[in-house]
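The chain contents come next:
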Amino acid sequence: MEYTIREARKEDMGQVFHLIDELAKFEKEAHAVELSVADLEEHGFGQEKLFHCFVAESGEEIVGIALVYPRYSTWKGPIIHLEDLIVTEKMRGSGLGTALLDEVVKYGHKLGVKRVSWEVLDWNEPAIGFYESKGANVMRDWDVVHLDEKGIEKYLSNINL
């Protein structure tokens, strides 16, 4: 199946949302998706652009995405974070994941970042193998730390504002 990769447009966000939902189900976190298509449109194409997205298109269908945003490392300087690289199940093994990752790395290089970083679930061995085959360092001795919305509220209730 042939595909093209391009920068996402606002009108793509419905299909992008569908892929995000597909990934959440794959990761056994379907209930965790709280944003909407309107949120994606505002956050990616509004006055303050919070992310940059590449889409892979086959015919009229978006079959993969790579969504990144800027971060800053106190050790390295500017970096980008790859929030999600999603390839639909029917396109896995087609080279699409590599093509999307290629676009992310080229984009980061163009921006002059010192690192591209992302996370991968420890049980997703196919993804880990894929990333390692590309030269990525999967740092298994680091734990991801999140403070979710409820955690933020609880935290704030325990400090003097």
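Here goes a summary of the coordinates provided. (Residues numbered from 1 in each chain as written. Predicted model: local features only at pLDDT ≥ 70, side-chain atom pairs only at ≥ 80, totals over all residues. Heavy atoms only, no water.)

## Considerations on the pairing of strand β4 (residues 77-87)
- The buried fraction of β4 is high, at eight of eleven residues.
- Of the strand pairs in this sheet, strand β3 (residues 61-73) and β4 are connected by ten bridges, and their pairing is antiparallel. Of the residues in β4, the one forming a bridge with Y69 is H81.
- Between the antiparallel neighbours β3 and β4 lie three residues.
- Where β4 and strand β5 (residues 116-117) come together, two bridges link them in parallel fashion. Directly across from H81, in β5, lies its bridge partner S117.
- The parallel pair β4 and β5 is bridged by helix α3 (residues 96-111), and the resulting crossover is right-handed. (Buried < 20%, exposed > 50% of the residue type's maximum accessible area, 1.4 Å probe, protein only. Helix = DSSP H or I, 4+ residues; strand = E, 2+ residues; numbered from the N terminus. Pairing = 2+ DSSP bridges. Right-handed = clockwise from strand over helix to strand, strands pointing away.)

## Brief notes about a negative patch on the surface
- Negative charge collects at one region of the surface, where E34, D148, E149 and E153 lie side by side.
- Counting through the fold element by element, E34 comes out in the loop between α1 (13-26) and α2 (37-45). (Patch = residues over 30% accessible without salt bridge, like charges linked within 9 Å, V, L, I, M, F, W, Y side chains within 5 Å. Areas by Shrake-Rupley, 256 points an atom, 1.4 Å probe, with all protein chains shown as cover. Salt bridge = Lys/Arg side-chain N within 4 Å of Asp/Glu carboxyl O. Lys, Arg positive; Asp, Glu negative; His and termini not counted. Charge placed at Lys NZ, Arg CZ, Asp CG, Glu CD.)

## Points about the nonpolar core
- Residues L82, L85, L96, L100 and V104 are the most contacted members of the largest nonpolar core, which totals 18 residues.
- Those elements giving two or more residues to this core turn out to be β2 (52-58), β3, β4, α3 and α4 (125-133).
- The element contributing the most residues to this core is α3, with five residues.
- Sequence-distant contacts of L96, defined by excluding residues within four places in its chain, comprise Y3, I5, A56, V63, G64, V87 and M91.
- Core analysis: the next-biggest nonpolar cluster, separate from the first, contains 14 residues, A8, I20, F51 and L67 among them. (Core = buried A, V, L, I, M, F, W, Y, C linked by side-chain atoms within 4.5 Å. Contact = heavy atoms within 4.5 Å.)

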